[in-house]
Amino acid sequence: DGSSLDVGVNVSALEASDAALLLVSIVHPTSRSRLDPNTVTPHDEQLKFERLIAELSGKFINVPYEEIGATIREGLARTSAQLSIDRGAFCKFSPDGALTEMIAASAAGVPGLDETVAKGQPFGWGLPRIVAGEVVHYSSLDEVAEEDRESFRVLGETAAVLPLTVGGQIKG
């Protein structure tokens, strides 16, 4: 019909080891015009998170094997900071529920997850739920089965554990 529509376009360059990527965001400005320009909206936060995921995806495209752990740790730190959480970790459990591997990152001033303390801890209350593909979360250790509280204490007073699925199988 020949009508026009004003939009805001934001283009961000993302770096990858062997590729140049662009993240293009198109926003209708009418909803933003009523807001203080310094106000951060949920939409802004979503765009910021999407940019982060795009940047991290670009980083992981051609990571050398010997740098995978450090790259995961950096990604966990950046994701945790974006989500305003204290810690992030990828953990692998044995079939009996003991922690066998962990890559973790903690916010500045927050004690790190000590793999030597956590390794071998049984996570009996949560492991069957994780293996079933459920998210395990608690806002107080009182919500954790009494016999497993000490094991979960290494994760913190509050936690959310999301199962990691690879090829349809739970890996951690």
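In case you missed it, the structure is sitting above this.
Owing to the predicted nature of the structure, the values given are computational and were not obtained by experimental measurement.

## Some remarks on the overall build of the protein
Secondary structure summary: the protein contains six helices and eight strands in total. Reading the helices (α) and strands (β) of the protein from amino to carboxyl end gives β-β-α-α-α-β-β-α-α-β-α-β-β-β. Relative to its full complement of 172 residues, the protein shows a buried share of 30%. The contacts in the protein between residues at least 6 apart in sequence include a share of 39% that link residues at least 24 apart. Taken as a whole, the protein presents about 11,200 Å² of accessible surface, with 55% of it coming from carbon and sulfur.

## Thoughts on helix α2 (residues 42-60)
In an α-helix there are 3.6 residues to a turn, and that puts residues three or four apart on one side. Between its terminal C-alpha atoms α2 stretches 27 Å, which fits the 27 Å expected from 19 residues at 1.5 Å a residue. The set of residues buried in α2 consists of Asp44, Leu47, Arg51, Leu52, Leu56 and Gly58.

## Topic: the side chain of Ser80
Take Ser80: it is sitting in helix α3 (residues 68-83). Here Ser80 falls in the buried class, since its relative accessible area comes to 5%. Only 3.4 Å separates the side chain of Ser80 from the backbone nitrogen of Gly88, close enough to count as a polar contact. With near-sequence residues (within four places) excluded, Ser80 lies in contact with Ile85, Arg87 and Gly88.

Conventions adopted
- Residues numbered from 1 in each chain as written.
- Predicted model: local features only at pLDDT ≥ 70, side-chain atom pairs only at ≥ 80, totals over all residues.
- Heavy atoms only, no water.
- Helix = DSSP H or I, 4+ residues; strand = E, 2+ residues; numbered from the N terminus.
- Buried < 20%, exposed > 50% of the residue type's maximum accessible area, 1.4 Å probe, protein only.
- Contact = heavy atoms within 4.5 Å.
- Areas by Shrake-Rupley, 256 points an atom, 1.4 Å probe, with all protein chains shown as cover.
- Expected span 1.5 Å × (residues − 1).
- Polar contact = N/O pair within 3.5 Å; in protein donor to acceptor, adjacent residues only side chain to side chain.

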